[in-house]
Structure formats: C-alpha cells, structure tokens
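# Residue-level structural notes
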Amino acid sequence: MAIPTLRNFVGGAFLDAADKTFEKISPVDGSVVAHVAEADRGTIDMAVKAGRSALQGRWGSSTVNERAALLRRIADRIEARFDDLLAAEIADTGKPEALARDLDVARAAANFRAFADIIAAEGLDSFLTELPDGRRALNYALRRPLGVVAVVVPWNLPLLLLTWKVAPAIACGNVVIVKPSEETPSSATLLAEIMAEGRRTRWCVQPGPRLWSRIGWRIPHHA
C-alpha cells in the first residue's frame, strides 16, 4: 500500500506537496506511517494572509446561528469518518483501539456539538441606566472575534485537544492556524479534509512546521 503524504491545508484547500517532508514513524512497530509536508516561513505567512482575508469576507460577517449550525455539521462528518479518524489516532499514538474509540474520536464530535450549544445559548449582557434628567440609557455588550488564532496541539491527545481548541475558536468567529505535534499529525489532516468537504470552511489549518524552534515561533509573532 502506498504511503500517504500529509499536506498543509491553507485557506480551504490543500497545498501542493512541499519540497521538504519528514517521515511519521509508528510508535508500535517503527514502520513509516506517512510522509509529512514540512511547513516553512512562507507557508505560515500564506496561512495568516488567508485567515485575515477570510475575516474580511463572508466568514467575518457570519452569525452565531450560522456558526453553531456549522459546528454541528462538522460533528456529523466526524462521526461519518469515525473509522478513518480511529485508524489515524491508533497509527499516530499507538493507543489501544478501545481507548481511542471511546475517548478520542467520540469526544472530538462531542466537542463540536458542545461548543455549538454553548455559543447558541450564550446571550449578551444589557441593562438600563437611569440618567439624571429622567431619561434612560441602554447599555449592552458587543462581542467580536479576536482574529487569526494560533493553537498548538500536543502528541498525547491529538484529536481530542485539537477539537477542544478549534471548536470554540471558530464558534466565536475566529480563523485558526493549527500547529499539531510532528509526532501525531494524521488526525489534524483528516479534520482539515472534513472541514473542506462541501466548502464548509475558509479558515486555515496546517499540519505545521516540524520544529517549533525553527518555524513555529513565527506564528504568535506575526504582526
């Protein structure tokens, strides 16, 4: 069977194969699970630019109800791709199937539904203030997205913690750049596929640079 190449995902599409890749090795038997495209400085700059562009477009004006519905559709697609995500988690982490099935993948779908419910039910604070002249002033809160958000995902719970960070970020209207562990990038790539199905997203997910010290520091330091 051919060894897959995990590519970077930027602006709703997978990029062509990178010039430089590294091997993803199985912790179970030492076999090569995948070749992983290594992001460079240009990839990160491209992701940030695409994210800012998305915020200026349709995604930036999306409503709470639209984003909640989107999160629920993603949860449905995670369940539809359950076996694929399960295989990816086992290959990346070496976890027992029962643990990955009952915890990691099941919780991934649950995370998207949970944050869809939270954002849909969350109201805005408002109150009336009595003014000295007898009139009233209406005070209310207005929430806006932070913008392009970077998240770093560890190796031990790659899918669970990926969705735990991505779901609330996009629920609030942000654009997300993901830096998964170089040891466990497979489920991040599958989640990008799920989000790309039916053009569900225009935000940015990337399998990420191999070493934080080399490239990853550029993500939070982007002007």
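Nothing here was measured: the structure is a model prediction, and the numbers come from that model. (Residues numbered from 1 in each chain as written. Predicted model: local features only at pLDDT ≥ 70, side-chain atom pairs only at ≥ 80, totals over all residues. Heavy atoms only, no water.)

Glancing now at the overall build of the protein chain. Tallying secondary structure elements over the protein chain gives six helices and nine strands in all. Per-residue burial for the protein chain yields a buried fraction of 42% across its 223 residues. In the protein chain, once contacts between residues fewer than 6 apart in sequence are set aside, the share between residues at least 24 apart is 73%. About 11600 Å² of surface is accessible on the protein chain, with carbon and sulfur atoms providing 55% of the total. (Helix = DSSP H or I, 4+ residues; strand = E, 2+ residues; numbered from the N terminus. Buried < 20%, exposed > 50% of the residue type's maximum accessible area, 1.4 Å probe, protein only. Contact = heavy atoms within 4.5 Å. Areas by Shrake-Rupley, 256 points an atom, 1.4 Å probe, with all protein chains shown as cover.)

Residue placement: alanine 167 occurs in helix 5 (residues 158-171). On the basis of relative accessible area, alanine 167 is assigned to the buried category, the value being 0%. On a C-alpha basis, the gap between alanine 167 and phenylalanine 112 in space is 5.4 Å, while along the polypeptide they are 55 residues apart. Look past the residues within four positions of alanine 167 in its chain and what remains in contact with it is Leu71, Asn111, Phe112 and Phe115.

It is worth spelling out the nonpolar core at this point. Of all hydrophobic cores here, the largest spans 38 residues; its most connected members are Leu71, Ile74, Ile78, Phe112, Leu162, Val166 and Ile170. Elements that contribute at least two residues to this core include exactly helix 2 (64-80), helix 3 (82-93), helix 4 (97-121), strand 8 (148-152), helix 5, strand 9 (175-179) and helix 6 (186-196). Among the elements that make up this core, the one with the highest residue count is helix 4 (eight residues). (Core = buried A, V, L, I, M, F, W, Y, C linked by side-chain atoms within 4.5 Å.)

Taken together, Leu128, Leu138, Tyr140 and Leu142 make up a surface patch of nonpolar side chains, about 480 Å² in accessible area. Tracing the backbone shows leucine 138 in strand 7 (residues 136-140). Under the relative-accessibility criterion, leucine 138 is labelled exposed at 55%. (Patch = residues over 30% accessible without salt bridge, like charges linked within 9 Å, V, L, I, M, F, W, Y side chains within 5 Å. Salt bridge = Lys/Arg side-chain N within 4 Å of Asp/Glu carboxyl O.)

Turning our attention to the sheet that holds strand 5 (residues 32-37). Where strands meet in a sheet, backbone hydrogen bonds hold them as pairs that are either parallel or antiparallel. If you trace the three strands from one edge of the open sheet to the other, you get 1-5-4, paired in mixed fashion. The sheet is open, and its two edges are formed by strand 1 (5-6) and strand 4 (21-25), each paired on a single side. The pairing of strand 1 with strand 5 spans two bridges and is classified as parallel. Bridging across to strand 5, leucine 6 finds its partner in valine 36. (Pairing = 2+ DSSP bridges.)

On to the packing of helix 3 against helix 4, then. Relative orientation of the contacting elements helix 3 and helix 4 amounts to 120°, with a least axis distance of 10 Å. In this structure, helix 3 crosses over helix 4, and the sense of that crossing is right-handed. In this structure, helix 3 contributes Phe82, Asp83, Leu85, Leu86, Glu89 and Ile90 to the contact, and helix 4 contributes Glu97, Ala100, Arg101, Asp104, Val105 and Ala106. Residues of the contact of helix 3 with helix 4, tallied by class, amount to seven nonpolar, no polar and five charged. (Axes fitted to C-alpha atoms, helices over the stretch in contact; angles between N-to-C directions. Left-handed = near helix turned anticlockwise from the far one by under 90°. Nonpolar A, V, L, I, M, F, W, Y, C, P; charged D, E, K, R; others polar.)

Interaxial distance between helix 3 and helix 6 falls to 8 Å at its minimum, and their mutual angle equals 160°. Relative to helix 6, helix 3 is oriented roughly antiparallel. In this structure, helix 3 contributes Asp84, Leu85, Ala88, Glu89 and Asp92 to the contact, and helix 6 contributes Ser186, Ser187, Leu190 and Ile194. Of the residues contributing to the contact of helix 3 with helix 6, the split by class is four nonpolar, two polar and three charged. (Parallel < 35°, antiparallel > 145°, perpendicular 65-115°, else oblique.)

With that out of the way, let us pick up the pairing of strand 8. Residue alternation in strand 8 divides its side chains into a buried set, Val149 and Val151, and an unburied set, Val148, Ala150 and Val152. Pairing geometry for strand 8 and strand 9, over five bridges, is parallel. Bridge assignment links alanine 150 to a residue of strand 9, and that residue is isoleucine 177. The handedness of the strand 8 to strand 9 crossover, carried by helix 5, is right-handed. (Right-handed = clockwise from strand over helix to strand, strands pointing away.)

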